[in-house]
Amino acid sequence: MKNQGQSLFFNSQPQITSTANIVGPFEGIGQLTGYFDYIMKDSLEGHTSWEKCESYMLEWSIRKAIDKASYQLSDIDFVMAGDLLNQLTSTHFAVRNLNIPFLGLYGACSTLVEGMLLASALIDGRFASNMIAAVSSHHDTAERQYRFPTEQGVQRPPISQWTVTGAGALLISANNSNSSKPKVVAGTVGKIVDMGIKDTNAMGPAMAPAAADTLIAHFSNLNIQPRYYDMIYTGDLGKVGKLLLIELLKESGYNLSTNYEDCGCMIYTNDQDTHSGASGCASSAVVFSGYIYQQLMQKNLRRVLLVGTGSLHSPTSYQQKESIPSIAHAVAIEA
Amino acid sequence: MENQKKQYQQKYEEKYKKYKPSPPLIKNALWAFFVGGIICIIGQFVQNIFIEQGMTIKEAGGPTAVVMVFISAFLTGIGVYDEIGQRAGAGSIVPITGFANSIVAPAMEFKREGYVFGIGAKMFVIAGPVLVYGMVTAFIIGLIYWLRI
């Protein structure tokens, strides 16, 4: 491994051996219906609380990813996982039963990419050979922590995004030169950027400058142009954040207009009336572990840049009228 | 440095405002008008029934509110009131039914944390401020009324 500024190059090119995802019924009837391993029948799936359901989803996805690769739990060196709730509630209760060494991560909705970067770095440094990076989010647990009770009759503004109910897990392993699995080749660790947006409904617009900062650093450190990648995906900027990112990069001389999409714009259909698209840790996780991973496996996409975007505010910080600090991490995957 | 940062933030804020979708004001206002109106018509209907039973207008106020609060709590319980609220906005928040919704919704939501620290403590997270400032306003108006005499 070596680094160029904030960008990392993984010389051994760790591979993404398998992925798994699980979503709620609302996500299940969206645009990516065929790309999920399991669609739950309701937002509780037989559990007594939404938090328990979120833990179940995360544990299910981790076990499924390991299962798909025909590995045992004991083959995994470390799990890196996170979610949106206080004290990483969902994650800790999900990992409780796995008996695998665990490191908890919080990067809000950028957690999956943060996990992918760290897992690849540990594998590249030969500290581990099989790692899990996993995240979860749940619409109802997020609503009740960050906003209003779910049955409260409030009107959501058009800028707001819908937290994805789902979980995704990736099994990242040391490179096996015989396999044709997608490889993690490089990545860029983001800086916290805060452009002063205070409206917590406008998380996409708050995060767009962080995504722009990371992308510009990535392109300049690697000395490439956006067209180097077949597709660039951001995690959950939503409809408005996506337009802002394109404009911010255009001002810096990079053209994103042809090979860029936001995962938050890929999950729901327009009829589902989620306003500005999807958000949450699971937004990038369910799209990457399903649709994007399959495109990489089928070689329809050969070079992909995934940019996880996170808004790092808390319910306390916005009540104290603080703006939204945001972060974005990028990871480059080649098939 | 600080100034430059402010300038960047201001420029970005302008950009954001350019793309920010504005709420469909006329559509929202019509929804609020009709849903709010329908709730009031139902309230009037209920009040008339009580008056027909021999109550005065003043006496009928109490039981009418009780019926409206029950209807709202019921609709909240079966998960309908928040759907109405998403369309009607203030139309379903301002009437007493909205107030009932704002108490029942957290009570349902926090039941899983128990009857004391869940329902008991969290029931008024949204309605609480309304009660506090409602009482403060009532006190001030009472004071003005008292001083006038």
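Description of the structure in this document. Worth saying up front: this structure is predicted, and the values here are computed from it rather than measured. (Residues numbered from 1 in each chain as written. Chains lettered and ligands numbered in written order. Predicted model: local features only at pLDDT ≥ 70, side-chain atom pairs only at ≥ 80, totals over all residues. Heavy atoms only, no water.)

In terms of helices and strands, chain B carries eight helices and zero strands. Seen in sequence order, chain B has helices and strands lined up from the N terminus as α-α-α-α-α-α-α-α. For a compact globule of 149 residues, the expected C-alpha radius of gyration is about 15 Å, and chain B comes in at 21 Å, more than 25% above that figure. Looking at chain B residue by residue over its 149 residues, the buried ones come to 27%. A separation threshold of at least 6 residues defines the contact pool for chain B, and within that pool the share at least 24 residues apart is 49%. By element, 71% of the accessible surface of chain B is carried by carbon and sulfur atoms, the whole surface being about 10400 Å². Placing the 14 positive and 9 negative side-chain charges of chain B at their respective mean positions leaves the two points 9 Å apart. (Helix = DSSP H or I, 4+ residues; strand = E, 2+ residues; numbered from the N terminus. Rg over C-alpha atoms; globule rule 2.2 N^0.38 Å. Buried < 20%, exposed > 50% of the residue type's maximum accessible area, 1.4 Å probe, protein only. Contact = heavy atoms within 4.5 Å. Areas by Shrake-Rupley, 256 points an atom, 1.4 Å probe, with all protein chains shown as cover. Lys, Arg positive; Asp, Glu negative; His and termini not counted. Charge placed at Lys NZ, Arg CZ, Asp CG, Glu CD.)

Per the counting criterion, the structure on display carries eight aromatic pairs over all chains. On the numbers, 5.6 Å between centres and 35 degrees between planes, the contact of Tyr38 of chain A with Trp60 of chain A is tilted. Residue Tyr38 of chain A is located in strand E4 (residues 38-39), and its partner Trp60 of chain A is located in helix H2 (residues 50-68); the two are separated by 22 residues in the primary sequence. We classify Tyr38 of chain A as partly exposed; its relative accessible area is 30%. An aromatic cluster is built from Phe26, Trp162 and Tyr268 of chain A, whose rings are joined through pairwise contacts. Residue placement shows Arg303 of chain A over the ring face of Tyr228 of chain A; its charged tip is 4.0 Å from the ring centre. A cation over an aromatic ring shows up here: Arg112 of chain B above the ring of Trp50 of chain A, its NZ or CZ 4.5 Å from the ring centre. (Phe/Tyr/Trp six-rings, centres within 6.5 Å; stacked < 30°, edge-to-face > 60°. Lys NZ or Arg CZ within 6 Å of the ring centre and 35° of its normal.)

All names here are of chain A. Looking at the element boundaries, Ser61 is found in helix H2. Of the residues examined, Ser61 reaches a relative accessible area of 0% and is grouped as buried. If near-sequence neighbours (up to four positions away) are discounted, Ser61 is found in contact with Ala20, Ile22, Ala167, Gly168 and Ala169.

Attention shifts here to the interface of chain A and chain B. In this assembly, 35 residues from chain A lie in contact with 32 residues from chain B. Interface area, chain A with chain B, both sides summed: about 2900 Å², of which 55% is carbon and sulfur. Considering only the surface of chain A that becomes buried against chain B, Arg144, Glu151 and Gln155 of chain A emerge as the three largest contributors, covering 24% of it. At the junction of chain A and chain B, the tally comes to three salt bridges. The shortest N-O distance in the salt bridge between Glu113 of chain B and Arg144 of chain A comes to 2.4 Å. (Buried area = accessible area lost by both parts, 1.4 Å probe. Salt bridge = Lys/Arg side-chain N within 4 Å of Asp/Glu carboxyl O.)

So, on to unusual backbone geometry. Residue and element names in this part refer to chain A. Even without a glycine there, the phi angle at Asp273 is positive, about 55 degrees. Locating Asp273 in the fold gives a position in the loop between strand E12 (260-262) and strand E13 (278-279). In this structure Asp273 comes out as partly exposed when scored by relative accessible area, which is 36%. Although it is not a glycine, Lys299 sits at a positive phi angle of roughly 65 degrees.

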